[in-house]
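Structure assessment
Here are the chains, one letter per residue:
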Amino acid sequence: MAQVKKPEVRDAIVSSAYELFRDKSYLRTSVAEIARKAGIVPSHIYVYFASKLAIFYAVYEPWLNKRLTRLERQLSKIEDPDQRLIRIIEAFWIRLPTEDNGFANNLMQAVSTADPDEPYRSDLLSRSEKTLSQLLRRALPDNRMSDADCDRVAHILLMAFDGFIVRHHVGGTRQDMADIVVTMTRLMTGKPASAAARLNGPRRRAGRARKAQLTQTH
């Protein structure tokens, strides 16, 4: 007789896994630890999830979706197209790789250590690319890129996102990341190098304001 799955138990597993992955990392967390923190025996984990990788996807997908939704809200308040584009690239290349104790690095660990027979969630990548492509279309000048080009650029940005996740994990964020974001923005909009100062100015002022706010709150 199949065991009845209880939503509250599944939620406890996901919550437990999130905290452990965030604090210890995917590689340093065992299924037994997840079960113990969730208040169940390890064998019950497999009633709800086929593997630790499946648990991770159940944690990571809502984590990422929440941040994509937040980014869309932020973009809706930015009128300048260049600044919207900068915010998009900045989110994927600077903010997300460092956020939540570098939580995104767990994706790199999970995927790179998965057994060949474990299913890779390509649909998650596809949906992320689709969302990012739509954000790019709204930010770029009319007729600058075709829909197909936006799809390809979204793929490139997400592949670079993976690289910046690893870079942050092993060596921290580059000091010139703001300039890298502006350079990428300029390449995508086709604007001359002289536009870099205009693009960078608001980002640097915003960065100083954020730094001052953090200083005041700690």
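Below, the structure is looked at part by part. This structure is a prediction, so every number in the text was calculated from the model and none was measured.

1. Topic: the side chain of Lys-52
By secondary structure assignment, the location of Lys-52 is in helix 4 (residues 52–76). Glu-33 is the oppositely charged side chain nearest to the buried, salt-bridge-free Lys-52, at an N-O distance of 7.4 Å. Of note is the side chain of Lys-52, whose polar atom sits 2.7 Å from the backbone oxygen of Thr-29.

2. Observations concerning helix 2 (residues 31–38)
Inspection of helix 2 places Val-31, Glu-33, Ile-34, Ala-35 and Ala-38 among the buried residues, and these make up the whole buried set. On the buried face of helix 2, the contacting elements are helix 1 (7–24), helix 3 (42–48) and helix 4. Directly beyond the C-terminal end of helix 2, a positive phi value near 80° is found at Gly-39.

3. Brief notes about the packing of aromatic side chains
The description of an aromatic ring pair uses the distance of the two centres, along with the angle that the planes make with each other. Scanning the entire structure with this criterion turns up 11 aromatic pairs. An angle of 45° between the planes, with centres 5.0 Å apart, marks the rings of Trp-93 and Phe-164 as tilted. Placement of Trp-93 in helix 5 (residues 81–102) and of Phe-164 in helix 8 (residues 147–171) is noted, with a sequence separation of 71 residues between them. Through successive ring pairs, a cluster of aromatic residues spans Tyr-18, Phe-21, Tyr-26, Phe-56, Tyr-57, Tyr-60, Trp-63 and Phe-103. Positioned over the ring face of Tyr-26 is Lys-52, at 4.2 Å from the centre of the ring.

4. Brief notes about the pattern of salt bridges
All told, the structure shown has 16 salt bridges when counted by the stated rule. Salt-bridge contacts for Asp-23 lead to Arg-22; the nearest nitrogen and oxygen are separated by 2.9 Å. The closest approach of N and O atoms between Glu-90 and Arg-95, which form a salt bridge, is 3.1 Å. A relative accessible area of 7% places Glu-90 in the buried class. A relative accessible area of 24% means that Arg-95 is categorised as partly exposed. Bridged by salt links that share partners, the residues Arg-67, Arg-70, Glu-99 and Asp-100 form one connected network.

5. Here we look at the packing of helix 7 (residues 122–139) against helix 8
Close contact between helix 7 and helix 8 brings their axes to 8 Å; oriented N to C, the two are set at 120°. Judged on the interaxial angle alone, helix 8 and helix 7 are oblique. Judged by the sense of rotation from one axis to the other, the crossing of helix 7 with helix 8 is right-handed. For the pair helix 7 and helix 8, the contacting residues are Leu-125, Ser-128, Glu-129, Leu-132, Ser-133, Leu-136 and Arg-137 in the first and Asp-147, Cys-150, Asp-151, Val-153, Ala-154, His-155, Leu-157, Leu-158 and Met-159 in the second.

6. Comments concerning unusual backbone geometry
Phi at Ser-25 is positive, roughly 100°, even though this residue is not glycine. As for its placement among the helices and strands, Ser-25 is situated in the loop between helix 1 and helix 2. If you check the backbone angles, Asn-101 has positive phi at about 60° while not being a glycine. With respect to the secondary-structure elements, Asn-101 resides in helix 5. Its relative accessible area of 57% is what places Asn-101 among the exposed residues.

Rules used throughout
- Residues numbered from 1 in each chain as written.
- Predicted model: local features only at pLDDT ≥ 70, side-chain atom pairs only at ≥ 80, totals over all residues.
- Heavy atoms only, no water.
- Helix = DSSP H or I, 4+ residues; strand = E, 2+ residues; numbered from the N terminus.
- Buried < 20%, exposed > 50% of the residue type's maximum accessible area, 1.4 Å probe, protein only.
- Lys, Arg positive; Asp, Glu negative; His and termini not counted.
- Salt bridge = Lys/Arg side-chain N within 4 Å of Asp/Glu carboxyl O.
- Polar contact = N/O pair within 3.5 Å; in protein donor to acceptor, adjacent residues only side chain to side chain.
- Contact = heavy atoms within 4.5 Å.
- Phe/Tyr/Trp six-rings, centres within 6.5 Å; stacked < 30°, edge-to-face > 60°.
- Lys NZ or Arg CZ within 6 Å of the ring centre and 35° of its normal.
- Axes fitted to C-alpha atoms, helices over the stretch in contact; angles between N-to-C directions.
- Parallel < 35°, antiparallel > 145°, perpendicular 65-115°, else oblique.
- Left-handed = near helix turned anticlockwise from the far one by under 90°.

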